Structure formats: C-alpha cells, structure tokens
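# Commentary on secondary and tertiary structure
Residue strings, one per chain:
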Amino acid sequence: MRERPAMLATNLKILGVVLATVAFYTLLANMIPQLESEVPEEVAFGGEVTPEELVAAGEQLFTGAGGCTACHGLGARAPNLLTDEKGTGTIGARCGERVPGLTCKEYLHESLVAPGKFVVAGFPAMPDVTRGLTPTQIWTLVAFLEIQGGQVDVTAEDIARAEQASGGGAPAPAPGATAAAPAPAGPPAGASLEPLAILRGSGCFGCHQLGDEGAPVGPPFTGMGTRLTPDRIRRAILEPNADTARGYEAMAGVMPPNFGQQLSAAQLEALVRFLSGLK
Amino acid sequence: MSRRNSSRFGTRARALWLVLAAGAGLLLISALTGGELLAQQASAGREYGSFPRIGSRTAVWIAAEVHLMFAAFVLGVPIFAVMTELIGILGKDERYDRLSKEFTRLLLVAYSATAIWGTVLVFFLTTLYPRVWAHLTEIFELSMWVYAGLFFLESFTLYLYYYGWDRWKYGAAKWWHWTLGILLNVWGTTVMFIANAWLSYMMSPPAAVTPDAAPGGVKLWSAIANATWMPINIHRLIANVVFGGAVVAAYAAYRFLAARTDEERAHYDWMGYVGNFIAISALIILPFAGYWLGREVYAYNQQMGTTMMGGFMSWLWIIQAFLIGVLFLAGNYYLWVGMGRIPGAERFVPYTRWMLLILIAGVIVWATPHTMIASREELEAMGGSHHPFLGVLGLMSAKNTAVNLMILTTFLSFLLYRRANAVPQVSWARTATQVQGVIFVLAATVVTFYGIRGYFVSAIVRIGFSVYQVLAVLFAIVSVTTLDVLMLRGAGSRGAIRWGEMPARSQYALFVLAVTFTWLMGLMGFARSGIRQHWHIWEVMRDRSEWAATPALGYGAQVISVCVLIFLGLIGFVFWLGGLVEKPKLVPEAAEGD
C-alpha cells in the first residue's frame, strides 16, 4: 500500500513527541534538589548518654525525618531557630528568656509536647508531634536546639522519666497524651496580676489581637467587652471549646483547654475584668 | 458488507465481549477471594511480602497508578458522552450522536483494562501488604461488597448503552437510551466514591482512630466520611473529565493524521476540537477544587499540609506549575492554529501575541519558588530565607494573580474562537460586546488589585483574598458566556468552519496535552499519597517495611514516566482493538482491493 511509509513516518513522529515529552519531564524532575522523606530512626540511650550523642540524633531528626525544616528556618511559617530571629539570636541563646520561670530545657520541651501553650506572636500554633515521635526523639530535638547558641542540659534521667510516663517508648497514642512533659512551675506569667503580662506570658497574642499586638487567628481582644459578657469571657477561657465565635468556626479546638489549671483564680478574674473593659 | 467481513466483524465482537467479561470476572474474583487471601496471609503472621527487583512499594505504585489512569478515563468519558448525546437529541444533530457513540466505543475496551489493572492491584495489596489490607477490609468490608455489585451493574449498563445505541435510536426509546447513559454515570461515580473512601481514610482517618484502636470498632460511615473524602471526590470527578477529554482529543488527533478521506479528516478534526474544549473547560475549574482539597488537608492536619506545600514536596509544586503552564500554552496554541480554518478569524490574530505574553509571564511567576527547603549554607548564600527578587514573585499573591489571569486569557481565546465567523444579528450586539470587554477588564482589575494588596496584609488575610479573585474570574466566565450565547442566537456566518483544514503540527499539540495531563495525574497521585510519608494510615499504622521512606521526586518521576508509558501503550492498543470492529465499515473497498 502506497500510504504505509507515510503513516510509518507519522507514527514515528508521534512516538518521538510522546517519548520526548515524557523524557523532558523526567529530566526536569531529576534536575531539582532531591529530597527524600526519611523515616524517623528509633533511638534508645543508656544512662551514659553524652550531649554529643543527643545533639547528633536531634540534628538528624531536625534536618531529616522530623520535618522541622519545612517551617523553621524559612522565616515565613515559623520562627527561625538555627539562624537569628529578628535580632533575638538563635534558639539556644533565647530559649531561657522566652517564658519567665521556665528554663531553656523546660520551654523547648513544653513547646514540642504542648505546642498550643507558647505560640509565638504572628505565627500559627505548631502541630502536635507526640503522635509521630517518641519521648526520646523529642528530647534529642531539645538537645539539638539547646546547642544552637546555648548549653545542652538534657540528661538520661529526663529521657527515662518521659519514656516511663509514656508507657515505655512507644509513641503516645493520642494527642494530648503528653503526661511525659514536666509541668511548668506555677502560672505562665509568674504570679503577676497585670492583665497584659498574663496575656503575653500565656501566649494569647499568638492568636488574638489587641491593637497592633498579636495575630488575627482567633477573635480579637479589641472590643471584646462589647461582644461578650464577663461570664461568657470567663467560660471562653475555661472551656474554649464550649462555644465557637461566629466567623472562626475553622479555628474550633485550636485554643488550649488547660488555662483553668494554669491560671490562678486571681489571675483569671483579673483577665475577665480587663477583657470586659475593652469596649 | 461482504460475508467475509461480516463474519470477521462477528468474531471480533465476540472476542471483545470475551475480553470485557474476563475483565469484569477478574475483578469480581479478586473482590471475593481477597478475604480468603487475606486470611491466609494473616494466619501466617506476615506483615509484608516482597516483589522482585523493583520492590513492593513500586509494584503497588505502578499497579495503582495505571489502574487509576484507566479508571479516570472510563469515568470521565461517560460524563461528556451523555452530554454530547443530549446535545444531539435536543439539537436533532446526528453528528453529536455519532460522536457520543464513538466516545463510548473507546470506553468499552478501556473498561476491561481498568478491571484487569484493578485486579492486579488487589492481588498486589493482599500479597505484598497483608497487614494494611487486613485493617482496611475489616473496616470497609461491606463497602467492598457493594463495590463489586456496583461494578456488575456498571458493566452491564455500559454494554446495554453501547450495543443498544442503534436499536434505541429514535423517539421515546432514545430517551430511555440516554437514561442508560445517566445510570452508567451514577454507578461509575458511586464506585469511585467508594474507592476514594478507602484511600482518603488512609490519608485522614477520623481522630478517634488511634494506633491502639481495633479496626473492627471503627464505624464504617465515620471512616468513609473522613475529612478529605468529599474534596477528593469532587477533585477527581472534574479531573476525570479533563483527562478523558485530553485522551479522546489525542485519539482524534491520531485518526486525523491517519485519515484517508477529507470526510474522515473533517470528522476527527472536529472530534479533536471537542475533546480539547472539554479538557480545557474542565481544567479551568479544577484549581478551585484543588484549593478546597488543600485547605481540608491543612484543616485536618497542619503538619500534613505543611509537608505537602513546604516540606520535602515543596519542589514538586514548581514542576506542577511548569506542567500546567505547558497545558495552558498547548491548549491555547491549538485554538490559535485552529482559527486558521475559520473565515473571519484573521481579525483576532494580532491579539494572540499579547495573550501569549500574558501566558508566558503567568507561567514564569507561577513556577517561581518562594520558601524552599534550604540548608543553613544555602540560606546564608541567599542572604536570608527568601531570594531578594524571586521571593517577591514566589508569594501566593503573585501566584494567584498569575493563574487567574491565565484562566481569563484562555477563556478569551475560547471566546474569540467562538466569535470568529459569527455575525450577530441582534441590535444590541455592539453594546453587549463592550459590556463583555468591561467585564473582562473589571475581573482582571479585581484580580490584580487583590494580588498587590496581598503584599500589605498578614498571611491569613491574604489567603482570603484568593476567594475574591476566584469569584471575579468565575463571574466573568459566567456573565460573558451568557451574554455571548444570547447575542449569537440566530447569528449569521462569515463562512463555514473548514473542518479538516488543520496543519499537522496542531495535532501534535493534542498529543503533548494528553501526555502532560497523564504525567500530571501521576505527579499529583505521588503528592497525595506521598504526604502520608512513613504511615500506611496517617498516625494510625506505621510503615515498618524496608520501603517506608518516601522517595525523592527524581525517582518518583521515573516511576510516573513508566506508568504513563504503560498507560499510553495500552490505551493505544485498546483503541486499535476497538477500531478493528469499525474498520470494515469505513474502508470495505480498500480491504477488498488489497
């Protein structure tokens, strides 16, 4: 048949276009930086664990399977930890001063196991890592972060205590099962009854705005007294999941429910009085 | 038709039936024996099987992806087959009826390939991942039986729909026939929704399901109606139409290039145009469904969302932007070349260079990275977390603006194509055209305004701006189209479209479109599944196999390319197979003469 050679050439051209397109996309995908999602390595340490061992394991987790670099270090989604954050230094240099009454180690550990507690203003709360990482892995992260401008004081006892509390090394079964965390001593803002100090110390400005301060994640403090009665404000602090403010339905469940345990009665009432007065 | 041809036709039709029945049978057998296989595996206490050379993960990956590609095709094509059939019925236009039947014929043989790959996938899952399969079957047992039953209904509805075409062609019978097409879609969509429940459960199991929870205690409906189920359903529904349209257009392109008569060439030119129109029209709304899915992923688990957009997968979106850029460029190029066969289109040609400019600028902005995973050294070299210049273009504000302007430009291309040879007869045509122009300018202004404003507000407020941009574009599409339809009622013509007078290079654009859509589907499948990382079921069941680490995009791209080539090779074969049935009708003299 006369048309056969012409059709053969057309077929070869089509094949060429198909193969060239597929090859081009494959090549393109191989030219970009190749990042593999690693599996968090199970780690176990004896009583003689050295800070160097903890830091090495923590670094591996931080830069690899822990997925921490997806937000930290980029400046947009979460505070820089390994590089300077707005003139406050690296995380190891500033962690001891973040929350009055908490040491660097306590602050870092608490930030990991109860991320809703200390939300840095302007950033969303960090995801709960306790379902994916073992208590030992979390402590190695603390050690790695401490060394970024500070000293490592994580000990084998810290790890053993946390593992014991979690039931022996397995990842905690559910969010909120963070009994391993050493509770901070006293209320978040010390014994202060000054409302702004309590709000700042409790990390409230991570989600709520007052004037120019804070982030617009949850309902603003500004004008709260015109919207809510003192009783409703009190309930919103003690049982944040009982009601959800209109327009913030997507944020339901974000606010930590444990302020009732953290604040003293006097602090709670000082806050209610202060917020009711914002008209 | 000669007796020899008639007999050949009958034999081939019977062979086709056999292939179809074998496919359906295989799927049913796999569904019914899955439990038995599972029991055997479970009793042996084995968590994982092993697959030679490529490993278990890649074997399941390939089987799932190729199955999905065929499934997308056989679910997408019936949606527009019933639409074209309806257009044919209402407009009493035989061409649309023939086109619809031809769509369905492509579907017929591809259907058995879907079933065969589905069976391969089930066997791979039961033998290579028995623990995961055990968990899923314990929860979804009932839905799996329903799935198998629906598959039977779908198969036989399809056979009735296709083989009854000529028998139920006129009068009330035609409406009953069309109803069969609707039923086919109902069964097919339900089947997809059920399968989506299984995979979306693996991504976003209900919060109550913990590693210690017994699967038997999980309520079926709570597992089905998980956080990402409906967004995935909707996204896939639209994507299937896009994909089906693109593959049909490539088929038509091949038939166009192989055509021996002008009539045949004209028919396949038209079919290619319809396929491309369907693909690009559905593509325009696909990003909105994608946004919804992305938002639900974030809402379900922030860590998963971050991994998807900013973690080890961050570079994947640059590749995706590039591929979508290719789709927009190739789709528009095909339309612009196609204007050459429309009398009166010359007057719009000067505008195409500006539209090309907007599209290229849009692709460049969309493919600009913002925040990428970088080492400390890279951050220092860059002088911060963002590139000093590119970082500005990489923001979501710039990207949303770029993609919305690209959508508007593509819509304008369609509009010009549609208007090319039309001469409106209504007295208000000039005013309506001016109003259309104002709507376009307004929409572009709203998109650009919120794009710029986004740089001066916080991230949370900025995300909200994308809604206004999308609404402006949707408003423009709906209102301009409505005006156009009303204006062109009873319109005169500057001359008939010269179907078939299309340069061959335009048909290669259709092949590029089909390959790119297929590759993109593979890429997005990798993204969706890969964000689970080392979890079979997110934060419920860990992957403890040697294949737990999610590979980098380079390796992923190789697997995707293999899947694409397997799919295209097989679909080419099944189309050829389907074409055999029709061939004696088309060229009886040539067959006798040879």
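If you're wondering where the values come from, they're calculated on a predicted model, not measured in any experiment.

With that out of the way, let us pick up the overall build of chain A. Within chain A, the regular secondary structure consists of 11 helices and 0 strands. Walking chain A from its N terminus toward its C terminus, one meets helices and strands in the order α-α-α-α-α-α-α-α-α-α-α. Of all intrachain contacts in chain A linking residues separated by at least 6 positions in sequence, the fraction that spans at least 24 positions is 58%. Roughly 13500 Å² of accessible area belongs to chain A as shown, and the carbon and sulfur atoms make up 59% of that amount.

Here we take up the overall build of chain B. Summing up its helical and strand segments, chain B has 19 helices and 4 strands in all. Counting only residues that meet the buried cut, chain B has 57% of its 594 residues in that class. For chain B, long-range pairs separated by at least 24 residues make up 87% of all intrachain contacts whose partners lie at least 6 apart in sequence. If you sum the accessible surface of chain B, you get close to 24800 Å²; carbon and sulfur atoms cover 68% of it.

It is worth spelling out helix α2 (residues 51–63) of chain A at this point. Between its terminal C-alpha atoms α2(A) stretches 18 Å, which fits the 18 Å expected from 13 residues at 1.5 Å a residue. In this structure, the buried residues of α2(A) make contact with α5 (135–146) and α6 (156–166) of chain A.

Turning our attention to unusual backbone geometry. Residues and elements named next belong to chain B. Not every positive phi belongs to a glycine, and R53 is a case in point at roughly 65°. Tracing the chain through its elements places R53 in the loop between α1 (3–44) and α2 (55–91). By relative accessible area, which is 86% here, R53 ends up exposed.

Residues and elements named next belong to chain B. Relative to the elements of secondary structure, R236 occurs in helix α7 (residues 229–258). The buried charged residue R236 lacks any salt bridge partner; its closest oppositely charged side chain belongs to E65, at an N-O distance of 7.3 Å. When neighbours within four sequence positions are excluded, R236 is seen to be in contact with L68, M192, N196, L199 and R528.

Side chains of A:L8, A:L12, A:L15, A:L19 and B:L565 sit close together on the surface and give an oily, nonpolar patch of about 460 Å² of accessible area. In terms of residue count, helix α1 (residues 4–31) of chain A provides more of the nonpolar patch than any other element does, 4 residues in total. Relative to the helices and strands, A:L8 is located in helix α1.

Attention now goes to the confidence of the model for chain B. Per-residue confidence for chain B averages 86 on the pLDDT scale, and 86% of its residues sit at or above 70. Note on residues 1–11 of chain B: pLDDT is under 50 here. Beyond four places in sequence and across chains, it has 8 contacts.

Time to look at the pattern of salt bridges. Residues and elements named next belong to chain B. For the structure shown, the criterion picks out 19 salt bridges over all chains. Here R498 and E501 are joined by a salt bridge, their closest N and O atoms 3.0 Å apart. R498 sits in the partly exposed class, given a relative accessible area of 33%. Several salt bridges share partner residues, and in doing so they unite E85, E94, D97, K169 and K174 into one network.

For the rest of this paragraph, the subject is the environment of B:L415. Residues and elements named next belong to chain B. With respect to the helices and strands, the residue L415 is situated in helix α14 (residues 396–419). For L415, a relative accessible area of 8% gives the class buried. On a C-alpha basis, the gap between L415 and D484 in space is 8.3 Å, while along the polypeptide they are 69 residues apart.

Reading the values: the criteria
- Residues numbered from 1 in each chain as written.
- Chains lettered and ligands numbered in written order.
- Predicted model: local features only at pLDDT ≥ 70, side-chain atom pairs only at ≥ 80, totals over all residues.
- Heavy atoms only, no water.
- Helix = DSSP H or I, 4+ residues; strand = E, 2+ residues; numbered from the N terminus.
- Contact = heavy atoms within 4.5 Å.
- Areas by Shrake-Rupley, 256 points an atom, 1.4 Å probe, with all protein chains shown as cover.
- Buried < 20%, exposed > 50% of the residue type's maximum accessible area, 1.4 Å probe, protein only.
- Expected span 1.5 Å × (residues − 1).
- Lys, Arg positive; Asp, Glu negative; His and termini not counted.
- Salt bridge = Lys/Arg side-chain N within 4 Å of Asp/Glu carboxyl O.
- Patch = residues over 30% accessible without salt bridge, like charges linked within 9 Å, V, L, I, M, F, W, Y side chains within 5 Å.
- pLDDT = per-residue confidence, 0-100.

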